[in-house]
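Residues per chain, in single letters:
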Amino acid sequence: MSAPMPIPFVSQSDPAAVASWLQALRAAMPEEEIIAFSELDEDQRAQCRVAIVANPDPAQLKLLPQLQWVHSVWAGVERLVADLGQSDLQITRLVDPRLAATMAEAVLAWTLYLHRDMPHYARQQQARQWRPLDYVLPEQRRVGILGLGALGEAAAVALRQARFPVLGWSRSARNVPDVRTYSGMDGLAEMLAQTDILVCLLPLTAETRGLLDAVRLALLPPQAQLINFARGPIINDEALREALDAGRLRHAVLDVFATEPLPPEAWPWSHPAVTVLPHCSAPTDSGTASAIVAANIRRYRNSGEIAANVDLKRGY
Ligand code: NAP
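These numbers come from a predicted model, not from an experiment.

Thresholds, definitions, all that
Residues numbered from 1 in each chain as written. Predicted model: local features only at pLDDT ≥ 70, side-chain atom pairs only at ≥ 80, totals over all residues. Heavy atoms only, no water. Near = heavy atom within 4 Å. Polar contact = N/O pair within 3.5 Å; in protein donor to acceptor, adjacent residues only side chain to side chain. Areas by Shrake-Rupley, 256 points an atom, 1.4 Å probe, with all protein chains shown as cover. Helix = DSSP H or I, 4+ residues; strand = E, 2+ residues; numbered from the N terminus. Buried < 20%, exposed > 50% of the residue type's maximum accessible area, 1.4 Å probe, protein only. Contact = heavy atoms within 4.5 Å. Phe/Tyr/Trp six-rings, centres within 6.5 Å; stacked < 30°, edge-to-face > 60°. Lys NZ or Arg CZ within 6 Å of the ring centre and 35° of its normal.

A. Summary view of the site of the ligand. Taken together, 28 residues surround the ligand, and among them Arg 93, Leu 151, Ser 172, Arg 174 and Tyr 316 come closest. Note that an oxygen atom of the ligand is positioned 2.9 Å from one of the backbone N or O atoms of Ala 150. Here an oxygen atom of the ligand sits 2.7 Å away from a polar atom, N or O, in the side chain of Arg 174. Considered on its own, the ligand offers 930 Å² of accessible surface; in the complex 93% of this is hidden by protein. Elements represented by at least two residues in the shell around the ligand include exactly helix H7 (150-161) and strand S7 (166-170).

Following this line, the structure appears as structure tokens:
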């Protein structure tokens, strides 16, 4: 069966990444004609109704006059929402159980890193100090998760399996087995006051930008620790630095930043209470992601149904 219209892959990634995505997407849906945006001719551009994207240049999307649907291979869509918010386009973001499992593994790994005081022992080794700290049971270390979506819920399950008490906060009230859940701003304050390790897995939206400011960070118990695997601007940078400098926060693991790559002069690189990661907590798996995109596109071809899952008003 020949495809009724080509599907462009629109991305500002480097050529090697684009080639690798094209290969994975073509393998997942050999019945479709998937073409890099730069390879489309004028006639083909005029036919495209669906685009698969990874950080696309919005100007390129505007050159597709029939476009209805943009399917991202990324989970975070704050840039797409900002770029396409005024349009009538439908947007799908990646929801992939493999991504959730990878993120849950990262949350567990870095929670254990903080729980077992690894940054502290690394510093002691530098100073040739032999001083065991008191052991704390996981049952005594409360982990609060901001965001109980696809990634937050998977992380909560992994943390429960490791015997941590888990608290979770979301916009709407959620029910997750064995997790104490909160919503709304009162709920946030209540949860922060009982959180020893705070894990951020919120989308970046108008409401979550700067959410963790000086006031909210001060609600955490003394010596609380923080993991940000979501987006940098959710945390106020200066407030975070002050809380770490003052020793109110014991340590922060930061995987995401307002500017990426993190510039060499940025303070987190050299702060003794910060672990910097290069946005590596949960990379997309191009194989499973392409299979999910393919299934959504097949459904669209067969029934016309668009698997949109991003609400432009809500921002995620
Ligand atoms: P999701 O399924 O959309 O879940 C988002 C969660 O955040 C939901 O529970 C939602 O509440 C909650 N939320 C949103 N706005 C809120 C607000 N204003 N107040 C309270 N709760 C709010 O998203 P996901 O797939 O779990 O992904 C989360 C984020 O992880 C992505 O947006 C992306 O930025 C980031 N990410 C990072 C990496 C990495 O490698 N570092 C990889 C993938 C994704 P409701 O349940 O009420 O909707």
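B. Up close: the environment of Arg 131. Tracing the backbone through its elements, the reader meets Arg 131 in the loop between helix H6 (118-126) and strand S6 (143-146). Overall, the relative accessible area of 52% leaves Arg 131 in the exposed class. Sequence separation between Arg 131 and Tyr 121 is 10 residues; the distance between their C-alpha atoms is 8.6 Å. Contacts of Arg 131, omitting those with residues within four sequence positions, involve Tyr 121 and Gln 124.

C. The packing of aromatic side chains, seen in detail. In total, this model carries 3 aromatic pairs according to the counting rule given. Relative to Tyr 113, the ring of Trp 110 has its centre 4.8 Å away and its plane inclined at 75°; by these criteria the two rings are edge-to-face. Taken together, the positions of Trp 110 and Tyr 113, both in helix H5 (residues 97-115) and 3 residues apart, correspond to about one turn of that helix. Note on Tyr 113: relative accessible area 16%, which makes it buried. Residue placement shows Arg 314 over the ring face of Tyr 316; its charged tip is 3.8 Å from the ring centre.

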